[in-house]
Amino acid sequence: MTTTSSTMLPSRSERLTAIRDRLGPFARPHRRHLHAALAASVMVTAAQLALPWPLTWLVDLAAGDGAGPGATAGLPGLGSPAAWPVVAMVAVGLVLGGSEYLQRVAVAKYVVRSVNDARVGILTHPEGSVLRGGRSREPGDVLTRVVSDTARLRVGLKGVFVHVLQHGLFLVGVSVVLLVLDVWLGLTYLAGLGVAIGVALVGTDRAAAMARLRRGRESRVVNDALRAATSRQGLIARPTDRERSVAIITRIKGRTAWVFQGILGLTACLVLTLAVQFTESGRLDAADLALVSSYLLMLHYPMMRLGRQVTRLGPQLTSAERLARLAEPPRSTAEAR
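These numbers were taken from a predicted model, which means no experiment stands behind them. (Residues numbered from 1 in each chain as written. Predicted model: local features only at pLDDT ≥ 70, side-chain atom pairs only at ≥ 80, totals over all residues. Heavy atoms only, no water.)

A. Representation of a nonpolar patch on the surface within the structure. A cluster of nonpolar residues, Leu179, Val183, Trp184, Leu187 and Leu190, forms a patch on the protein surface that exposes about 440 Å² of accessible area. Tallying contributions element by element places helix H7 (residues 183–231) first for the nonpolar patch, with four residues. If you trace the backbone, leucine 190 turns up in helix H7. The class of leucine 190 is partly exposed, set by a relative accessible area of 36%. (Patch = residues over 30% accessible without salt bridge, like charges linked within 9 Å, V, L, I, M, F, W, Y side chains within 5 Å. Areas by Shrake-Rupley, 256 points an atom, 1.4 Å probe, with all protein chains shown as cover. Salt bridge = Lys/Arg side-chain N within 4 Å of Asp/Glu carboxyl O. Helix = DSSP H or I, 4+ residues; strand = E, 2+ residues; numbered from the N terminus. Buried < 20%, exposed > 50% of the residue type's maximum accessible area, 1.4 Å probe, protein only.)

B. Representation of the packing of aromatic side chains. Per the stated rule, a full pass over the model turns up one aromatic pair. Ring centres of tyrosine 110 and phenylalanine 161 lie 6.1 Å apart, and the angle between their planes is 75°; on these two criteria the pair is classed as edge-to-face. With a gap of 51 residues between them, tyrosine 110 in helix H5 (residues 83–124) and phenylalanine 161 in helix H6 (residues 139–181) connect regions that are remote in the sequence. What makes phenylalanine 161 partly exposed here is its relative accessible area of 27%. (Phe/Tyr/Trp six-rings, centres within 6.5 Å; stacked < 30°, edge-to-face > 60°.)

C. Representation of the side chain of threonine 267 in the model. Relative to the helices and strands, threonine 267 resides in helix H8 (residues 242–280). The class of threonine 267 is buried, set by a relative accessible area of 8%. Among the polar contacts listed, one links the side chain of threonine 267 to the backbone oxygen of isoleucine 263, at a separation of 2.8 Å. (Polar contact = N/O pair within 3.5 Å; in protein donor to acceptor, adjacent residues only side chain to side chain.)

D. Structural detail: the nonpolar core. Counting residues in each nonpolar core, the largest one holds 28 residues, and the members touching the most others are Leu171, Leu185, Tyr189, Leu264 and Leu299. When residues in this core are grouped by element, the largest group, eight residues, is from H8. Once residues lying within four places of it in the same chain are set aside, the contact partners of tyrosine 189 are Leu171, Ser175, Leu178, Leu264, Thr267, Val271, Leu299 and Met303. Ranked by size, the runner-up nonpolar core spans 23 residues in total, among them Ala106, Val115, Leu323 and Leu326. (Core = buried A, V, L, I, M, F, W, Y, C linked by side-chain atoms within 4.5 Å. Contact = heavy atoms within 4.5 Å.)

E. Just helix H9 (residues 286–298), in detail. With 13 residues, H9 should cover 18 Å at 1.5 Å per step; its first-to-last C-alpha distance of 18 Å lies within 8% of that length. Among the residues of H9, those classed as buried are Ala287, Asp288, Ala290, Leu291, Val292, Ser294, Tyr295 and Leu296. Measuring from the backbone nitrogen of aspartate 288 back to the side-chain oxygen at the start of H9 gives 2.8 Å, which picks out aspartate 285 as the cap. (Expected span 1.5 Å × (residues − 1).)

F. Just empty space enclosed by the protein, in detail. Scanning all chains against the criterion turns up one cavity of 30 Å³ or more. Counted as a void, the largest cavity has a volume near 60 Å³. Forming the boundary of the largest cavity are Arg12, Arg15, Leu16, Ile19, Ala208, Arg212, Leu317, Thr318 and Glu321. When contributions to the lining of the largest cavity are tallied by element, the ones reaching two or more residues are helix H1 (12–27), H7 and helix H10 (300–325). In terms of residue count, H1 provides more of the lining of the largest cavity than any other element does, four residues in total. Tallied by class, the residues present in the lining of the largest cavity amount to four nonpolar, one polar and four charged. (1 Å grid on protein atoms, 1.4 Å probe; cavity = no way out; pocket = protein on both sides within 12 Å on 5 of 7 lines; lining within 4 Å. Points joined across faces, edges and corners; volume = space filled by probe spheres on them. Nonpolar A, V, L, I, M, F, W, Y, C, P; charged D, E, K, R; others polar.)

Structure below.
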């Protein structure tokens, strides 16, 4: 039973701890795929951070500050200094494409295999399906958790993992580069990023709360259907407000993503303004300004995707939490939901 009192609900850290303790053993055998995904994500981030550097190389060449390695290389077709930035861009693109492919494959293997093992393990030893005192959970509730929530986790977690790893690391990498170029640029962007993450976490909690209510309604509907099938009686229609709950979750995601992007967009404008002022004062050169501008332009798509995916994490954590309930020892009726 879902309680409406916020004081009775576990905190975010408590829910994450419960998911880790109950579902972690099923994911632990597949950690090599997670490690491979992290390594590939680092390569993707490195390639993304390297993309603007050929442009700064060309700016230096145009300004007469560098002759380029091709001037003395003597390779056919690469004698022009301007050809080497093009070669570097192609090489970075190849690394980026290959690393992103490896990342997606590793994430899919980790998520799908971990969730499948959790479902099999829970069906084999469903400790959480029996409450303290001998009372069992409703069959519809158990079926919804094992079938519906595992399906949502397999599909949803793959996208969330890929985008959070890829775009999140890129945001952190850009912040580090800005810190290297000028400490004030880096601190300004990190401050805006911290505020945006706080907003995203609020949206994640709100989406998770609404998803928790929706999952409870689905369990009751499936239980009614099972009773009707076993008793050979007609199914009594029960309003589930499915469309309304989906619309509310969609609005939460959209508003959170909009605020998230707005904060980072304003932060990017502030960073660019500071970079222009630092260039005019001689603190940065033209190549550094081109580098900052390129990174800020490249951040538009990652900001958009990351704002949406972080909020999508809320319903996925709700499904993981419901599945973890079936993998835990019996609890009292008052504690079970």
